[in-house]
Amino acid sequence: MTAPTRDRPPPFAVVATDLDGTLLRGDLSVSARTRAALARAGAAGARHLVVTGRPASGCRSLLERLDYRGLAVCGQGAQLYDVGADRLLSSATLHGPTVRALVARIAEQAGPLKLAVVTAGLSGEFMVTPGFESRLRHGWRLAERPADLWAQPVDKVLIRHEGLDDDELAALALEVCAGEVTVTHSGEGLVELLPAGVSKASGLAAAAALLGFKSADTIAFGDMPNDIPMLEWAGHGVAMGNAHAELRRRADETAPSNEEDGVAVVLERLFPPAAGPPATAGPAGDGPAPARPTADRPESRTDAAHP
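Since the model is a prediction, treat every value here as computed from it, not as a measurement.

Quick rundown of the overall build of the protein? Include the residues and the values.
A count of helical and extended segments in the protein gives 9 helices and 14 strands. A total of 307 residues make up the protein; the buried ones form 52% of that total. Taking as baseline every contact in the protein between residues at least 6 positions apart, the subset at least 24 positions apart corresponds to 58%. Here the protein displays about 13300 Å² of accessible surface, and carbon together with sulfur accounts for 52% of that area.

If you want it as C-alpha cells, here you go:
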C-alpha cells in the first residue's frame, strides 16, 4: 500500500471505536501503541469517533484521559455528546410505563430479575436494586424499593437473572418486547432495554448527518452484540479477537484482542507512516491539526442534531 499523503484521501475518513473491550484494555487504559496509531490516522485526515454503550456521565473521565474533545456517541446510540463543551446535543429516554410493563412481563416468564437503570441527562446516575451485584460499586446508588428506580426519567434499564445467561435472557427479552424497546447486551450481566430504534448504528448515523460523512467512509471496531448494528452500518466492520462469537461471525475481519492492541494493528496496516516530515495530529476526537474543519466543533451545528 502506498503511504498516504496530504493530497490523497485516507482509506477511511472515520475510525469509530467502542471503548470497553475494544479501545480500552482491561484496566481501562489505552496503550501508547494505540494512541500512536490513532494519531497517525488523524494525521492522514481520519477522525476518531467514540461510539460507546456508556452514558455520557459515565465516560467523561475516560475521554479526558484520551484528550478527546470532539463528538462522542454515548448510551448505545441514545446520546450525541459534545465532549469539549460537556453538553448533550441530543438524547432519547425510555417511556416509563411501557418499559415497566415490559420488565414485569419478562419477569413473569423468567422469574425474579435483578434490575438497574441509568437515569436521564448529563448527570445521569446508575441505580441498582439490592442484589444486582454482590457489592455496591463506587458511583452506584442503591434503590431500596423497586419503585425508586422509576422516580426519574431513565435512558436504559439493565436486567439480570440468576438462571439464564446473557444470550438466553436477551433472547427472551426480545421475544417479550417485540420491538417496543431495543434489546441488546454489551458485557457480562449487561442485558439492556433501550428506547425503540436506538442502537449504535442509529447513533452513528446521527453523527454522520451532523458531521458530514457516510457509512462507506467508516471503519468500526467492537467486541459485543451491541456493536453488531454499528459494524453492519460501517463500510468495514472489525471484531476484536476477544469479541462475542456472533459479532465475529458478522464482522468483515477479526483483529487481535484489546489486550493485544488490535485496533492499532489494523490502523497501522491502513495508515502506514507518511513519506516526508510527519504531520502533527490533533487530539483524539478531532481531525488533523492545525487545519480543523467546522465539523470538529459540533457546538456550532446544534440544530442539525435535532431534525
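Next comes the rest of the account.
Hey, could you go over the packing of helix α2 (residues 32-43) against helix α9 (residues 262-270) for me, with residue numbers and the actual values?
With their axes 9 Å apart at the nearest point, α2 and α9 run at an angle of 35 degrees to one another. In this structure, the crossing between α2 and α9 has a hand that is left-handed. Residues R33, T34, A37, L38 and R40 of α2 form the contact with α9, whose participating residues are A264, V265, L267 and E268. Here the residues of the contact of α2 with α9 sort into 5 nonpolar, 1 polar and 3 charged.

So what about the nonpolar core? Which residues, and what values?
By size, the foremost hydrophobic cluster in this structure holds 56 residues, and its most contacted members are V15, L49, L63 and F221. Discounting residues that sit within four places of it in the chain, F221 has contacts with V15, A16, T17, D18, T22, M230, L231, V238, M240, V263, V266 and L267. Counting 26 residues, the second-largest nonpolar core is a separate cluster that includes V99, M127, L172 and V176.

Describe the environment of E162, naming the residues involved and giving the relevant values.
With respect to the secondary-structure elements, E162 resides in the loop between β9 (154-160) and α5 (166-177). In the structure, E162 is positioned 48 residues away from K114 in sequence and 8.4 Å away in space, judged by C-alpha atoms.

Give a detailed account of the packing of aromatic side chains, specifying residues and quantitative values.
By convention here, two paired aromatic rings are described through the distance between centres and the angle between planes. A full pass over the atoms with the stated rule returns 4 aromatic pairs. With centroids separated by 4.9 Å and ring planes inclined at 45 degrees, the aromatic side chains of F126 and W140 adopt a geometry described as tilted. Remark: W140 occurs in strand β8 (residues 140-142) and F126 occurs in strand β7 (residues 126-128); sequence separation between them is 14 residues. Just as F126 is buried, W140 falls in that class too. Here the aromatic rings of F213 and W233 are separated by 6.3 Å at their centres, their planes lie at 85 degrees, and the arrangement is edge-to-face. In this pair, F213 is assigned in the loop between α6 (200-211) and β12 (218-222) and W233 in helix α7 (residues 228-233), connecting sequence segments 20 residues apart.

Help me get a handle on the sheet that holds strand β5 (residues 87-91), residues and values and all.
Pairing is mixed across the open sheet formed by 8 strands, whose spatial order is β5-β4-β3-β2-β1-β12-β13-β14. With partners counted over all chains shown, the strands left at the sheet margins are β5 and β14 (253-254), one partner each. Where strand β13 (residues 236-239) and β14 come together, 2 bridges link them in parallel fashion. If you follow V238 over to β14, its bridge partner there is E253.

Quick rundown of unusual backbone geometry? Include the residues and the values.
For L28, which is not glycine, the phi torsion reads 70 degrees and is therefore positive. Of note, L28 is situated in the loop between α1 (19-23) and α2. On the accessibility criterion, L28 (32% relative accessible area) is partly exposed. Positive phi values are uncommon outside glycine, yet Q76 reaches one of about 65 degrees.

Definitions and limits used
Residues numbered from 1 in each chain as written. Predicted model: local features only at pLDDT ≥ 70, side-chain atom pairs only at ≥ 80, totals over all residues. Heavy atoms only, no water. Helix = DSSP H or I, 4+ residues; strand = E, 2+ residues; numbered from the N terminus. Buried < 20%, exposed > 50% of the residue type's maximum accessible area, 1.4 Å probe, protein only. Contact = heavy atoms within 4.5 Å. Areas by Shrake-Rupley, 256 points an atom, 1.4 Å probe, with all protein chains shown as cover. Axes fitted to C-alpha atoms, helices over the stretch in contact; angles between N-to-C directions. Left-handed = near helix turned anticlockwise from the far one by under 90°. Nonpolar A, V, L, I, M, F, W, Y, C, P; charged D, E, K, R; others polar. Core = buried A, V, L, I, M, F, W, Y, C linked by side-chain atoms within 4.5 Å. Phe/Tyr/Trp six-rings, centres within 6.5 Å; stacked < 30°, edge-to-face > 60°. Pairing = 2+ DSSP bridges.

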